[in-house]
Amino acid sequence: MASSKLEKLYRTLIIEESRSEKNRGELKEATHAFELLNPSCGDVVLVQIQLSGDIVQEVLFQGEGCAISMASASIMCDLLRGKTLSEANQLIELFNKLMTGDLSKKDAKPLHDALALSGVRQFPTRIRCATLAWKAFDKVNE
Ligand code: ZN
């Protein structure tokens, strides 16, 4: 696929995910909840996680912000739901590497839709938007 076509596809996916309600909402059974703010853009995201043993049974988010931060939160919920905590941690690490540009195409595959955010790394000020929800989730390890 030509890279411009792929970019268009990624842009569409980001817009759709940023508007989607499928991963938004209050998780009453949450065992963990972390809220983070990105002052440089004004994004705020609350990530609620329901851990059952070491399985991420459910993860939802609430918040407001730019399309990148909201899309990234929604994509993250889809990706981490049903994973073990160690799988989730590996995916978070991969996503951070994607944002710093230290990831080969092959190694990036498990990120699925999160790859749509790969273009963000060209805009250093927006990387915080993209990583906000992931950083919030990562607090489960603290
Ligand atoms: Zn933002």
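Residues numbered from 1 in each chain as written. Predicted model: local features only at pLDDT ≥ 70, side-chain atom pairs only at ≥ 80, totals over all residues. Heavy atoms only, no water.

**Describing the overall build of the protein**
Right, on to step 1. Counting its regular elements, the protein contains five helices and three strands.
Right, on to step 2. Each helix (α) and strand (β) of the protein, taken in turn from the N terminus, gives the series α-β-β-β-α-α-α-α.
Right, on to step 3. Since a compact globule built from 142 residues should have a radius of gyration of about 14 Å, the 14 Å found for the protein is in line with a globular shape.
Right, on to step 4. In terms of overall dimensions, the protein has C-alpha extents of about 45 × 30 × 25 Å along its principal axes.
Right, on to step 5. The buried share among the 142 residues of the protein stands at 42%.
Right, on to step 6. A sequence separation of at least 24 residues applies to 56% of the contacts in the protein between residues at least 6 apart.
Right, on to step 7. Carbon together with sulfur atoms contributes 51% to the accessible area of the protein, which is approximately 7,800 Å² in total. (Helix = DSSP H or I, 4+ residues; strand = E, 2+ residues; numbered from the N terminus. Rg over C-alpha atoms; globule rule 2.2 N^0.38 Å. Buried < 20%, exposed > 50% of the residue type's maximum accessible area, 1.4 Å probe, protein only. Contact = heavy atoms within 4.5 Å. Areas by Shrake-Rupley, 256 points an atom, 1.4 Å probe, with all protein chains shown as cover.)

**Describing the environment of Ile75**
Right, on to step 1. Here Ile75 lies in helix H2 (residues 67–80).
Right, on to step 2. Along the sequence, Ile75 and Leu115 sit 40 residues apart, while their C-alpha atoms lie 9.7 Å from each other.
Right, on to step 3. Residue contacts for Ile75: discarding those within four places in its chain leaves Leu13, Glu17, Asp113, Ala114 and Leu117.

**Notes on the coordination of the zinc ion**
Right, on to step 1. In the first shell of the zinc ion, the protein supplies Cys41 (SG), Asp43 (OD), Asp43 (OD), Cys66 (SG) and Cys129 (SG), at 2.2 to 2.7 Å from the metal.
Right, on to step 2. Going along the chain, you hit the donors of the zinc ion in the pattern C-x1-D-x22-C-x62-C. With a gap of 63 residues between them, Cys66 in the loop between strand S3 (55–64) and H2 and Cys129 in helix H5 (residues 124–138) connect regions that are remote in the sequence. No difference in accessibility class separates Cys66 from Cys129, as the two residues are buried. (Donors = N, O, S within 2.8 Å, 3.2 Å for Na, K, Ca; no water.)

**A look at the side chain of Ser118**
Right, on to step 1. Turning to its location among the elements, Ser118 is positioned in the loop between helix H4 (105–108) and H5.
Right, on to step 2. Judged by relative accessible area, which is 14%, Ser118 ranks as buried.
Right, on to step 3. Ignoring anything within four residues of it in the chain, the contact list for Ser118 reads Tyr10, Leu98 and Met99.

**Details of the sheet that holds strand S1 (residues 32–38)**
Right, on to step 1. Taken together, three strands build an open sheet; the order of strands is S1-S2-S3 and the sheet is antiparallel. Across the chains shown, the open sheet's two edge strands, defined by having one partner strand only, are S1 and S3. With strand direction ignored, the average angle separating the axes of adjacent strands in the sheet is 20°.
Right, on to step 2. In this sheet, S3 lies alongside strand S2 (residues 43–52) in antiparallel orientation, the contact comprising nine bridges. When the sheet's bridge partners are listed, Leu51 is paired in S3 with Val56.
Right, on to step 3. This element, H2, spans S2 and S3 of the sheet and lies at about 170° to S3. (Pairing = 2+ DSSP bridges. Axes fitted to C-alpha atoms, helices over the stretch in contact; angles between N-to-C directions.)

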